[in-house]
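A structural walkthrough
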Amino acid sequence: MLIAVPQVFSKDQVRELRAALDRADWVDGKVTAGHQSAQNKFNSQIPENHPVAKQVGDVILQALGANPLFRSAALPLRVFPPLFNRYAGGQTFGTHVDNAIRTHGPTGGRIRTDLSCTLFFSEPDEYDGGELVVEDTYGAKSVKLPAGDMILYPSTSLHHVTPVTRGARVSSFFWLQSMIRQDAQRTLLFDLDTAIQRLAGSSEADAAEVKQSTVQLTGVYHNLLRQWAEL
Ligand code: NI
């Protein structure tokens, strides 16, 4: 399942973070590609041990830690330190699947990639092309979100980035290991939690009925989480 997380950052925050990113040193993006994807990956990246990558990465992790939609959708156990890429001048990333295991160079920390994340730092009208196209069971989905928004998608998915033919597409990309390994189970928990939150915040329906449904759904949610969570 693809899940958009809107407004991880406000426009003011995006402007500030983007200015820091634009001042960083960028290198060939093949540095983090696996053998297969290196052959069809054409972009620039900020080296993972660069102070700006660390600084903006920490701001991202902090914002996500406080974001209820992200936490409910991802049920994150470990999040890889965010990386940053830029596509311009026709650059593109052909169809690939992300590596299953990621080792963070500077720390040596390893995670299993359950979910892939792209957080946009360019507005859609700043560039042409640059859509993230993710193939899932129901066909290909094309994603191009406002700056400050993020998309989460299963790391098992084939995906590509179409050529950027005007302007520049700057984004952060990273992976996370979820407490819930299976996408179908995580999706079910997310749907349950979304229903609970909606019912809990509802004032339209009959109050007693809403309360009963909320308690019942909360019970199902926690019993499934207890059964499936790996810590
Ligand atoms: Ni990828």
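Let me begin by describing the structure that accompanies this report. These figures come from a predicted structure and were not determined experimentally.

Reading guide: rules and limits
Starting afresh in each chain, residues are numbered from 1 along the sequence in its written order. Thresholds applied to this predicted model are a pLDDT of at least 70 for local features of residues and 80 or more for the giving and counting of side-chain atom pairs; totals over whole chains, interfaces and linings are not thresholded and use all residues. The side-chain quantities take in all heavy atoms of the structure and omit both hydrogens and water. By the criteria applied, helices consist of DSSP H or I runs no shorter than four residues and strands consist of E runs no shorter than two, each listed in order from the N terminus. Each radius of gyration is computed over the set of C-alpha atoms, and the globule rule expresses the reference value as 2.2 Å times the number of residues to the power 0.38. Burial classification: accessible surface area is computed with a 1.4 Å probe over protein chains only, and a residue below 20% of its type maximum counts as buried, one above 50% as exposed, and the rest as partly exposed. Contacts were defined at the residue level, with two residues in contact if any of their heavy atoms lie within 4.5 Å. Throughout, the Shrake-Rupley method with a 1.4 Å probe supplies accessible areas, and for residues the shown protein chains are the sole cover considered. Asp and Glu count as negative and Lys and Arg as positive, but His and the ends of the chain are not part of the count. We put the charge of a Lys on NZ, of an Arg on CZ, of an Asp on CG and of a Glu on CD. Here the rule is simple: two strands pair whenever DSSP picks up at least two bridges between them. Axis lines are fitted to C-alpha atoms, over the contacting stretch for helices. Their N-to-C directions set the angle, which ranges from 0 to 180 degrees. Using a 1 Å grid laid over the protein atoms alone, points where a 1.4 Å probe fits but cannot get out form a cavity; open sets with protein on both sides within 12 Å along at least 5 of 7 lines form a pocket; any residue with an atom within 4 Å of a point counts as lining. Grid points are joined across faces, edges and corners, and a volume is the space filled by probe spheres set on the points. What makes a salt bridge here is a side-chain nitrogen of Lys or Arg within 4 Å of a carboxyl oxygen of Asp or Glu, nothing more. The length a helix should cover is 1.5 Å for every residue beyond the first. Think of it as the arc spanned by the lines of direction from the helix axis to the C-beta atoms. Water is not among the atoms examined, so metal sites may look incomplete; donors are the N, O and S atoms within 2.8 Å of the metal, or within 3.2 Å for Na, K and Ca.

With that settled, consider the overall build of the protein. Scanning the protein for helices and strands turns up six helices and 16 strands. For the protein, whose C-alpha radius of gyration is 19 Å, the value lies close to the compact-globule estimate of 17 Å for 231 residues. Viewed in the frame of its principal axes, the protein has a C-alpha envelope of about 60 × 35 × 35 Å. Taking all 231 residues of the protein together, the buried fraction comes to 47%. Counting contacts in the protein only where the partners sit at least 6 residues apart, residues at least 24 apart contribute 78% of the total. With an accessible surface of roughly 11600 Å², the protein has 54% of that area assigned to carbon and sulfur atoms. Seen as two clouds, the 22 positive and the 24 negative side-chain charges of the protein have centres 5 Å apart.

The strand order E6-E14-E11-E12 describes an open sheet built from four strands, whose pairing is antiparallel. Each edge of the sheet is formed by a strand with only one pairing partner; in this case those strands are strand E6 (93-96) and strand E12 (139-143). Across the sheet, the axes of successive neighbouring strands diverge by a mean angle of 15°, strand direction being ignored.

The next subject is empty space enclosed by the protein. Overall, the coordinates contain two cavities of 30 Å³ or more when judged by the stated rule. Of the pockets and cavities examined, the second largest cavity occupies roughly 50 Å³. The wall of the second largest cavity is formed by Met-1, Ile-3, Ala-73, Leu-115, Leu-152, Asp-183, Arg-186 and Thr-187. With three residues, the single largest contributor to the lining of the second largest cavity is helix H5 (residues 183-200).

Looking now at the pattern of salt bridges. In the structure shown here, the tally under the stated rule is nine salt bridges. Here Glu-126 ties to Arg-18 by a salt bridge, and the two come within 3.2 Å at their closest N and O atoms. Separated by 108 residues along the polypeptide, Glu-126 in the loop between strand E9 (115-120) and strand E10 (128-129) and Arg-18 in helix H1 (residues 11-23) bring together distant segments of the chain. Here Glu-126 falls in the partly exposed class, since its relative accessible area comes to 31%. Its relative accessible area of 15% is what places Arg-18 among the buried residues. Its salt-bridge partner being Asp-114, residue Arg-112 comes within 2.9 Å of it at the nearest N-O pair.

Once that is clear, we can look at helix H6 (residues 207-228). Residues that lie three or four places apart on an α-helix share one face, since the helix turns once every 3.6 residues. A rise of 1.5 Å per residue sets the reference length of H6, with its 22 residues, at 32 Å; its end C-alpha atoms lie 31 Å apart and thus fit the reference within 8%. If you check which residues of H6 are buried, you get Val-210, Thr-214, Tyr-221, Leu-224, Leu-225 and Trp-228. Down the axis, H6 shows its buried residues gathered within 105° of arc, on one side only. Projecting away from the buried face of H6 at angles above 90 degrees are the exposed residues Ala-208, Lys-211, Gln-212, Val-215, Gln-216, Arg-226 and Gln-227. For H6, the elements touching its buried residues are H5.

Protein-derived coordination of the nickel ion comes from His-96 (NE2), Asp-98 (OD) and His-159 (NE2), at a distance range of 2.1 Å. Written as a sequence motif, the donor residues of the nickel ion are H-x1-D-x60-H. Overall, Asp-98 belongs to the buried group, its relative accessible area being 13%.

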